[in-house]
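An overview of the molecular structure
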Protein chains: 2
Amino acid sequence: MEKSRSDIPLYEGERIDDLLTQNLHIIQSREVFSFSMDAVLLARFASVPARGKVLDLCTGNGVIPILLSTRTKATIEGVEIQERLAKMAERSVEMNGLQDRIIIHNADLKNYHEVAGHGMYDAVTVNPPYAALTGSDIKANQYEAIARHEIHCTLEDVVKACGKLVKQGGKVSMVHRPHRLADILTLMRQYRIEPKRVRFVHPRAGMEANMVLVEGIRDAKPEMRIMPPLIVYNDQGKYGDEFMEIYYGKPGGEA
Amino acid sequence: MEKSRSDIPLYEGERIDDLLTQNLHIIQSREVFSFSMDAVLLARFASVPARGKVLDLCTGNGVIPILLSTRTKATIEGVEIQERLAKMAERSVEMNGLQDRIIIHNADLKNYHEVAGHGMYDAVTVNPPYAALTGSDIKANQYEAIARHEIHCTLEDVVKACGKLVKQGGKVSMVHRPHRLADILTLMRQYRIEPKRVRFVHPRAGMEANMVLVEGIRDAKPEMRIMPPLIVYNDQGKYGDEFMEIYYGKPGGEA
């Protein structure tokens, strides 16, 4: 049952945002967590089975499971290490009436296979913290710091967990920064997720990529495909048609 | 001294083609070897030092050393395992009067470090055979088969040789097919060439990449950049402006 949005408690600083997809909404907070373009693009890019079990690691406020629910009848689980965020995600799931299809776990991805078992998921998605722990530029806000920096998990922890949790032939999709691509591909191979499909996102046609979407398949044969580049802004400085279609499901408009 | 082109012996089936760059020409043969777009794009993409020593492996008819001679005062060596091709390259070098700057060796890259020494080159370029040895689709023509298929060297042989021949901090640039990207990046790391700069070539804006240019630096710190995509044909089916500028050094025109 979808609850009236007024039935869902909101804490200080929280707001409800429209996901602009099938009347879905999400609880966000500038202080605690707001989803990024990266999460939306991953939710559109990832291959998901029509049914079965899907897992989203580092789920944050649950934006990826909620968006994925429009593309699959699978059960979707989200794992989030921060209790404050996991509860926020749970409230968003309930607000959208998705509690029979999306389950949020407040857990550490590093040992989640001990709870969930090995190789139980048809697909795993993850939008992990991007920033290495350099000590200098850690965000002051604790919630954001954990979401953005490799405080509780490194890229290797994330890929290792994906390798344990996905079933043979199952798909693992990740969004990350292109400067880590060599790390991502070598770690995927190390944990038996063969990289199969990569898409780069460029802010403009003449600029370097600032985002990469990668999909691998557990124990697949090597053979990578590089998808057409996704260009965010067109020459007029507005969102391009393809970006608009992917992001909002509608043709080009104002940036 | 540049020889008059009529002084250079041509064998049956050979022709002289204009490289459309600084009046350079090259000997080609449909039966034996003709360079591809890939070689030209690599010669434009590769970082070369102003002076020093540059090495081109799998040099074929010498197209990459000849094109690179317009971008550097370095001594350029080309290594080619097929004697017939090495001699063809030598004649092209002589025809362009470049014999004091380009030296062609008829040698096997797998043991070329025994001749040249370890870590002696500031930059190494290579356009290796792309096709794995599947046994089914090997080209009937012996010369072309060796140039296109991994008969005398595998991708690992190539990357290993690059790692031995390039100096610390020196650059290795390669052109290959995107479906081998995970292999290329993991092998580069294995042989201590850190992948730093990658550019994908797409036939058209909405199509998957069919070529990849990769540059790594020996013993560098990890951090990759994905350059803007290079799109060959524009929406009108003609060569795009940027492609024309890179390929021919002039603005867009007929395909």
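Criteria and cut-off values
Residues numbered from 1 in each chain as written. Chains lettered and ligands numbered in written order. Predicted model: local features only at pLDDT ≥ 70, side-chain atom pairs only at ≥ 80, totals over all residues. Heavy atoms only, no water. Helix = DSSP H or I, 4+ residues; strand = E, 2+ residues; numbered from the N terminus. Rg over C-alpha atoms; globule rule 2.2 N^0.38 Å. Contact = heavy atoms within 4.5 Å. Areas by Shrake-Rupley, 256 points an atom, 1.4 Å probe, with all protein chains shown as cover. Lys, Arg positive; Asp, Glu negative; His and termini not counted. Charge placed at Lys NZ, Arg CZ, Asp CG, Glu CD. Core = buried A, V, L, I, M, F, W, Y, C linked by side-chain atoms within 4.5 Å. Buried < 20%, exposed > 50% of the residue type's maximum accessible area, 1.4 Å probe, protein only. 1 Å grid on protein atoms, 1.4 Å probe; cavity = no way out; pocket = protein on both sides within 12 Å on 5 of 7 lines; lining within 4 Å. Points joined across faces, edges and corners; volume = space filled by probe spheres on them. Least-squares fit on C-alpha atoms with pLDDT ≥ 70 in both. Nonpolar A, V, L, I, M, F, W, Y, C, P; charged D, E, K, R; others polar. Buried area = accessible area lost by both parts, 1.4 Å probe. Salt bridge = Lys/Arg side-chain N within 4 Å of Asp/Glu carboxyl O. Polar contact = N/O pair within 3.5 Å; in protein donor to acceptor, adjacent residues only side chain to side chain. Phe/Tyr/Trp six-rings, centres within 6.5 Å; stacked < 30°, edge-to-face > 60°. Lys NZ or Arg CZ within 6 Å of the ring centre and 35° of its normal. Axes fitted to C-alpha atoms, helices over the stretch in contact; angles between N-to-C directions. Parallel < 35°, antiparallel > 145°, perpendicular 65-115°, else oblique. pLDDT = per-residue confidence, 0-100. Disulfide = S-S within 2.5 Å. Pairing = 2+ DSSP bridges.

1. A short note on the overall build of chain A
Regarding its fold elements, chain A presents eight helices and eleven strands. Against the globule reference of 18 Å for 255 residues, chain A gives a C-alpha radius of gyration of 18 Å, in line with a compact fold. The C-alpha extent of chain A, read off along each of the three principal axes, is 50 × 50 × 45 Å. Sequence separation of at least 24 residues holds for 67% of the intrachain contacts in chain A that already meet a minimum separation of 6. When the accessible surface of chain A is totalled, it reaches about 11,000 Å², and 48% of it is carbon and sulfur. Once the 33 positive and 34 negative side-chain charges of chain A are each reduced to a mean point, those two points are 4 Å apart.

2. Comments concerning the nonpolar core
Ranked by internal contacts, the top residues of the largest apolar core, which has 70 residues, are A:Leu57, A:Leu181, A:Phe200, B:Leu57, B:Leu181 and B:Phe200. If we skip the residues at most four places from it in the chain, B:Leu57 touches B:Val79, B:Leu109, B:Val124, B:Thr125, B:Val126, B:Asn127, B:Ala161, B:Cys162 and B:Leu165.

3. Some thoughts on empty space enclosed by the protein
On inspection of all chains with the given rule, the structure shows one cavity of 30 Å³ or more. Considered as a void within the structure, the largest cavity measures approximately 40 Å³ in volume. Around the largest cavity, the lining residues are A:Phe200, A:His202, A:Ile226, A:Met227, A:Pro228, A:Pro229, B:Phe200, B:His202, B:Ile226 and B:Pro229. Contributions of two or more residues to the lining of the largest cavity are made by strand S8 (193–202) of chain A together with strand S8 (193–202) of chain B.

4. Notes on the relation of the copies chain A and chain B
With an RMSD of 0.0 Å, the operation that places chain A on chain B is a rotation of 180° combined with a shift of 0.0 Å along the axis. Such a combination of rotation and displacement between the chain copies is what one expects of a two-fold axis. Relative to the rotation axis, the closest C-alpha in chain A is found at A:Thr186, a distance of 2.8 Å. The residues that chain A uses at the interface reappear at the interface of chain B in 100% of cases, marking a shared surface.

5. Details of the layout of surface pockets
Roughly 830 Å³ of internal volume is contained in the largest pocket. Along the wall of the largest pocket there are 30 residues; nearest its centre are A:Ala205, A:Ile231, B:Ala205, B:Ile231 and B:Asp235. If you list the elements that add at least two residues to the lining of the largest pocket, you get strand S11 (230–231) and helix H8 (241–248) of chain A together with strand S11 (230–231) and helix H8 (241–248) of chain B. Each residue belonging to the lining of the largest pocket can be placed in one class, and the counts come to 16 nonpolar, six polar and eight charged.

6. Observations regarding the interface of chain A and chain B
Often, the extent of an interface is quoted as the loss of accessible area on bringing the components together. On the side of chain B, 25 residues touch chain A, which itself brings 25 residues to the contact. When the buried area of chain A at its contact with chain B is split by residue, A:Glu208, A:Met224 and A:Ile226 rank highest and sum to 26% of it. Viewed at the interface, chain B and chain A are joined by four salt bridges. Two residues, B:Glu208 and A:Arg225, come together in a salt bridge whose shortest N-O distance is 2.5 Å. With six residues, helix H7 (residues 181–190) of chain A is the largest single contributor of residues to the side of chain A that touches chain B. Its residues assigned to classes, the side of chain A that touches chain B shows 15 nonpolar, four polar and six charged.

7. Describing the side chain of B:Glu150
Tracing the backbone through its elements, the reader meets B:Glu150 in the loop between helix H5 (142–148) and helix H6 (155–165). A polar side-chain atom of B:Glu150 sits 2.9 Å from the main-chain amide nitrogen of B:Leu155.

8. A look at the packing of aromatic side chains
All names here are of chain A. One pass over the structure, following the stated rule, counts nine aromatic pairs over all chains. Seen in terms of ring centroids, Tyr239 and Phe243 are 4.8 Å apart; in terms of plane orientation they differ by 45°. Their pairing is tilted. A single burial state applies to Tyr239 and to Phe243, both of which are buried. In this arrangement the basic side chain of Lys53 is found over the ring face of Tyr121, its NZ or CZ atom lying 4.8 Å from the centre.

9. Focus on the packing of helix H1 (residues 37–45) of chain B against H8(B)
All names here are of chain B. It is the contact of H1 with H8, at a shortest axis distance of 9 Å, that shows an interaxial angle of 80°. By the angle between their axes, H1 is roughly perpendicular relative to H8. For the pair formed by H1 and H8, the contact residues are Met37, Val40, Leu41 and Arg44 on the first element and Phe243, Ile246 and Tyr247 on the second. Here the contact of H1 with H8 is composed, by residue class, of six nonpolar, no polar and one charged.

10. Re the pattern of salt bridges
Taken as a whole and assessed by the stated rule, the structure comprises 32 salt bridges over all chains. One salt bridge in this structure joins A:Arg180 and A:Glu150, with 3.7 Å as the shortest N-O distance. Residue A:Arg180 is found in the loop between strand S7 (166–176) and H7, and its partner A:Glu150 is found in the loop between helix H5 (142–148) and helix H6 (155–165); the two are separated by 30 residues along the sequence. For the pair formed by A:Arg180 and A:Glu150, the shared burial category is buried. One salt-bridge network, in which partners are shared between bridges, spans A:Glu150, A:Arg180, A:Asp183, B:Arg189 and B:Glu194.

11. A short note on the confidence of the model for chain A
Summary statistics for chain A give a mean pLDDT of 92 and a share of 93% for residues scoring 70 or more. As scored by the predictor, the complex reaches a pTM of 0.93 and an ipTM of 0.91.

12. Let's talk about the state of the cysteines
Under the definition given, this model contains zero disulfides over all chains. You can see A:Cys58 has no disulfide; the closest cysteine sulfur is in A:Cys153, sitting 4.5 Å from it.

13. Some words on H8(A)
All names here are of chain A. Looking at H8, one finds that the buried residues are Phe243, Met244, Ile246 and Tyr247. Elements that come into contact with the buried residues of H8 comprise helix H1 (37–45), S8 and S11. Positive phi appears at Gly249, one or two residues downstream of H8, with a value of about 70°.

14. Describing the pairing of strand S2 (residues 25–29) of chain A
All names here are of chain A. Here S2 lies mainly inside the structure; five of its five residues are buried. Both faces of S2 are covered, namely the face carrying His25, Ile27 and Ser29 and the face carrying Ile26 and Gln28. Summarising the sheet, strand S1 (residues 14–18) and S2 pair through five bridges and their orientation is antiparallel. Residue pairing across strands places Glu14 opposite Ser29, the latter belonging to S2. From the end of S1 to the start of S2, which pair antiparallel, there are six residues, and Leu20 there has a positive phi angle of about 60°.

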